[in-house]
Amino acid sequence: MIVDKLDRPLRDLRISVTDRCNFRCPYCMPEEIYGERYSFLDRDSVLTFEEIARVARILVSLGVTKIRLTGGEPLVRNQVDRLVSMLSEIDGLNDLAMTSNGYLLAQMAQKLKDAGLQRITVSLDSLDEDIFKQMNGRGFGTQRVIEGIAAAHEAGLAPIKINSVVQRGVNEHVVVDLARFAKERGYIVRFIEYMDVGNLNGWQPTQVVSADEIVALIDAEMPLKAVDGNYDGEVASRYAYADGEGEIGVIASVTKPFCGGCTRLRLSPEGAIVTCLFSGAGPDLRGPMRSGATDGELETIVRSTWGGRTDRYSELRSQTADAPRKKVEMYHIGG
Ligand code: SAM
Ligand code: SF4
Ligand code: SF4
């Protein structure tokens with residue numbers, strides 16, 4: 001086990017398998033910037049599955065027990081189930097999950113399960129067609145995503161979680177509908193406070209709907225009670241329905257930051273390791289890997305990166321708000 005300067009152990013790895021996405025959610029990849037002429041990473045720049053699996057094995061040997069595949073959209077990476085299968089064979093890994101927008105999930109769910117994926121989180125910001133079309137930036141309706149979620153449920157990728165980013169004036173008035181939809185089907189929705197990730201979404205504090213407000217909106221219709229987290233370092237605060245059927249989570253990254261329990265490392269599509277979601281960059285592993293570094297040499301880079309870590313951006317947000325700085329983009333690093 002390795003710990004950082006604030007005594008946080010390394011436990012979770014989020015692997016962004018591509019910077020490409022079939023959606024253009026304005027809070028993540030605004031269409032006006034990521035239009036047809038935007039140049040994403042070329043094929044050779046992106047880590048191969050073998051390179052990703054090698055990094056993952058080294059990180060598991062250093063204490064990682066959970067891996068989440070993300071992106072961009074992980075399902076646009078060709079044969080991503082092959083990567084799932086390679087990762088699922090790593091000894092010491094207890095949890096292998098994915099976050100996806102669900103658009104390509106209906107045809108992939110069973111393949112992913114067969115390859116060894118354990119759980120999936122599907123992002124679905126609203127059930128309202130017009131709001132969803134606006135929030136995915138592509139005018140796509142909800143049907144394919146809902147079918148994808150059902151296919152994942154059917155395939156046993158349980159428990160299904162749904163991520164919903166809540167933005168004031170956009171979808172806060174429909175959170176109860178989404179909560180009810182999930183409750184009826186046994187899915188767990190996690191409402192996420194809109195964050196100032198990246199540099200391009202024009203985030204304003206006034207657009208954030210606080211977790212407390214979200215809980216109050218749902219509680220007024222379907223009573224809730226707070227329950228303990230499942231494990232240390234869980235980012236969502238849990239609330240169970242008082243009738244005993246189901247639960248929701250809220251991720252209060254803006255109003256109640258949880259940097260003290262941040263045990264996550266992120267691997268970018270081109271092989272950089274990034275500690276904080278709000279970092280500008282991180283050390284590169286691809287260069288050393290492609291010029292013949294041994295596992296021991298890669299391990300040294302990881303140890304010194306994690307060992308030197310002091311970042312806790314969300315806790316310092318209010319103090320740093322006046323000092324704009326370049327941050328990694330959410331679609332690049334995957335959350
Ligand atoms: N494309 C996949 C998806 O959307 O599920 C995986 C990558 S996406 C970057 C991971 C998660 O980050 C999604 O649930 C998305 O809603 C969330 N996200 C993106 N931008 C965000 C923001 N500005 N604030 C809060 N959450 C955000
Ligand atoms: Fe794509 Fe996910 Fe970002 Fe939306 S949130 S643009 S689906 S990467
Ligand atoms: Fe972790 Fe950075 Fe998020 Fe804090 S702001 S919880 S340190 S990723």
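Above: the structure in question.
The rules behind each value
Residues numbered from 1 in each chain as written. Chains lettered and ligands numbered in written order. Predicted model: local features only at pLDDT ≥ 70, side-chain atom pairs only at ≥ 80, totals over all residues. Heavy atoms only, no water. Helix = DSSP H or I, 4+ residues; strand = E, 2+ residues; numbered from the N terminus. Rg over C-alpha atoms; globule rule 2.2 N^0.38 Å. Buried < 20%, exposed > 50% of the residue type's maximum accessible area, 1.4 Å probe, protein only. Contact = heavy atoms within 4.5 Å. Areas by Shrake-Rupley, 256 points an atom, 1.4 Å probe, with all protein chains shown as cover. Lys, Arg positive; Asp, Glu negative; His and termini not counted. Charge placed at Lys NZ, Arg CZ, Asp CG, Glu CD. Near = heavy atom within 4 Å. Nonpolar A, V, L, I, M, F, W, Y, C, P; charged D, E, K, R; others polar. Core = buried A, V, L, I, M, F, W, Y, C linked by side-chain atoms within 4.5 Å. Polar contact = N/O pair within 3.5 Å; in protein donor to acceptor, adjacent residues only side chain to side chain. Patch = residues over 30% accessible without salt bridge, like charges linked within 9 Å, V, L, I, M, F, W, Y side chains within 5 Å. Salt bridge = Lys/Arg side-chain N within 4 Å of Asp/Glu carboxyl O. Phe/Tyr/Trp six-rings, centres within 6.5 Å; stacked < 30°, edge-to-face > 60°. Lys NZ or Arg CZ within 6 Å of the ring centre and 35° of its normal. Axes fitted to C-alpha atoms, helices over the stretch in contact; angles between N-to-C directions. Parallel < 35°, antiparallel > 145°, perpendicular 65-115°, else oblique. Left-handed = near helix turned anticlockwise from the far one by under 90°. Pairing = 2+ DSSP bridges.

1. What about the overall build of the chain?
At step 1: Secondary structure summary: the chain contains 11 helices and 11 strands in total.
At step 2: Over its C-alpha atoms the chain spans a radius of gyration of 19 Å, differing by no more than 12% from the 20 Å that the globule rule assigns to 335 residues.
At step 3: The dimensions of the chain, computed from C-alpha atoms along their principal axes, are 60 × 45 × 45 Å.
At step 4: Burial statistics for the chain: of 335 residues in total, 56% are counted as buried.
At step 5: Relative to all contacts within the chain whose residues are 6 or more apart in sequence, the contacts with residues 24 or more apart total 73%.
At step 6: For the chain, the accessible surface area stands at approximately 14600 Å², while carbon and sulfur atoms represent 48% of it.
At step 7: If you average the places of the 40 positive and of the 47 negative side-chain charges in the chain, the two averages end up 3 Å apart.

2. Some remarks on the site of ligand 2
At step 1: By nearness alone, every residue bordering ligand 2 is listed as Cys 21, Phe 23, Cys 25, Cys 28, Met 29, Gly 72 and Asn 101.
At step 2: For the shell around ligand 2, the per-class residue count stands at 5 nonpolar, 2 polar and no charged.

3. Topic: the nonpolar core
One recurring pattern in soluble globular proteins is that nonpolar side chains are buried together.
At step 1: Core analysis: the largest hydrophobic core is formed by 107 residues, its most contacted members being Ile 67, Leu 87, Phe 191 and Ile 218.
At step 2: Among the elements that make up this core, the one with the highest residue count is helix H1 (residues 49-61) (8 residues).
At step 3: Excluding anything up to four places from it in sequence, Ile 67 contacts Leu 13, Ile 15, Ala 56, Leu 87, Leu 93, Asp 95, Leu 96 and Ala 97.

4. Observations regarding the site of ligand 1
At step 1: Close to ligand 1 lie 20 residues, the nearest being Gly 72, Ser 123, Asn 163, Val 165 and Met 195.
At step 2: Contact between ligand 1 and Glu 73: a nitrogen atom at 3.3 Å from a side-chain N or O atom of the residue.
At step 3: The protein chains hide 95% of the 540 Å² of surface that ligand 1 would expose on its own.
At step 4: Residue assignment for the shell around ligand 1 shows that the elements contributing at least two residues are strand S3 (95-100), strand S5 (161-166) and strand S6 (188-193).
At step 5: Looking at side-chain class alone, the shell around ligand 1 contains 8 nonpolar, 10 polar and 2 charged residues.

5. Remarks on the side chain of Asn 22
At step 1: For Asn 22, the position within the fold is in the loop between strand S1 (12-16) and H1.
At step 2: Within polar-contact distance, the side chain of Asn 22 engages the side chain of Asn 101 at 2.8 Å.
At step 3: When residues no more than four places from it in sequence are discounted, the contact partners of Asn 22 are Glu 73, Val 76, Asn 101, Tyr 103, Leu 104, Arg 138 and Phe 140.

6. Section: a nonpolar patch on the surface
At step 1: Together, Ile 33, Tyr 38 and Leu 200 line one region of the surface with nonpolar side chains, adding up to about 210 Å² of accessible area.
At step 2: Tracing the chain through its elements places Tyr 38 in the loop between S1 and H1.
At step 3: Among the residues examined, Tyr 38 registers a relative accessible area of 31% and is labelled partly exposed.

7. Digging into the side chain of Ser 45
At step 1: Note that Ser 45 resides in the loop between S1 and H1.
At step 2: A distance of 2.7 Å separates a polar atom in the side chain of Ser 45 from a polar atom in the side chain of Asp 42.
At step 3: The residues contacting Ser 45, other than those within four sequence positions of it, are Pro 269, Glu 270 and Arg 286.

8. Regarding helix H6 (residues 175-185)
At step 1: Where H6 is concerned, the buried positions are Val 175, Val 176, Leu 178, Ala 179, Phe 181, Ala 182 and Lys 183.
At step 2: Of the surrounding elements, those touching the buried residues of H6 are helix H5 (143-155), S5, S6, helix H7 (211-221) and strand S8 (237-241).
At step 3: Once H6 ends, the next one or two residues include Gly 186, with phi positive near 80°.

9. Quick notes on the packing of aromatic side chains
At step 1: Tallying each qualifying case throughout the model produces 11 aromatic pairs.
At step 2: Measuring from centroid to centroid gives 6.3 Å for Tyr 34 and Phe 40, while their planes differ by 25°, and the two rings are stacked.
At step 3: Take Tyr 34: its relative accessible area is 1%, and that puts it in the buried class.
At step 4: Judged by relative accessible area, which is 16%, Phe 40 ranks as buried.
At step 5: Between Arg 144 and the ring centre of Tyr 103, over which it is positioned, the NZ or CZ distance is 4.0 Å.
At step 6: The cationic tip of Lys 183 hangs over the ring face of Tyr 241; the distance from NZ or CZ to the ring centre is 4.9 Å.

10. Details of the packing of H1 against helix H2 (residues 80-88)
At step 1: Contact pair H1 / H2: the axes reach a minimum separation of 10 Å and the direction vectors enclose 30°. Here H2 runs roughly parallel to H1, going by the angle between their axes. For the pair H1 and H2, the crossing hand works out as right-handed. Between H1 and H2, the residues in contact are Phe 49, Glu 50, Ile 52, Ala 53 and Ala 56 and Val 80, Arg 82, Leu 83, Met 86 and Leu 87, respectively.

11. Some points on the pattern of salt bridges
At step 1: Across all of its chains, the model carries 20 salt bridges by this definition.
At step 2: A salt bridge links Glu 221 to Arg 180; its shortest N-O distance comes to 3.6 Å. Remark: Arg 180 occurs in helix H6 and Glu 221 occurs in helix H7; sequence separation between them is 41 residues.
At step 3: Residue classification places Glu 221 among the exposed positions, given a relative accessible area of 51%.
At step 4: By relative accessible area, which is 30% here, Arg 180 ends up partly exposed.
At step 5: The salt bridge partner of Glu 247 is Arg 238, with a shortest N-O separation of 2.8 Å. The burial state of Glu 247 is the same as that of Arg 238; both residues are buried.
At step 6: Several salt bridges converge on common partners, so that one network encompasses Asp 4, Arg 8, Arg 309 and Asp 311.

12. Concerning the sheet that holds S6
At step 1: An order of S7-S8-S9-S6-S5-S4-S3-S2-S1-S10-S11 is seen for the 11 strands of this open sheet, with the pairing classed as mixed. Each of the sheet's edge strands pairs with one partner strand only, and the pair in question is strand S7 (224-227) and strand S11 (273-274).

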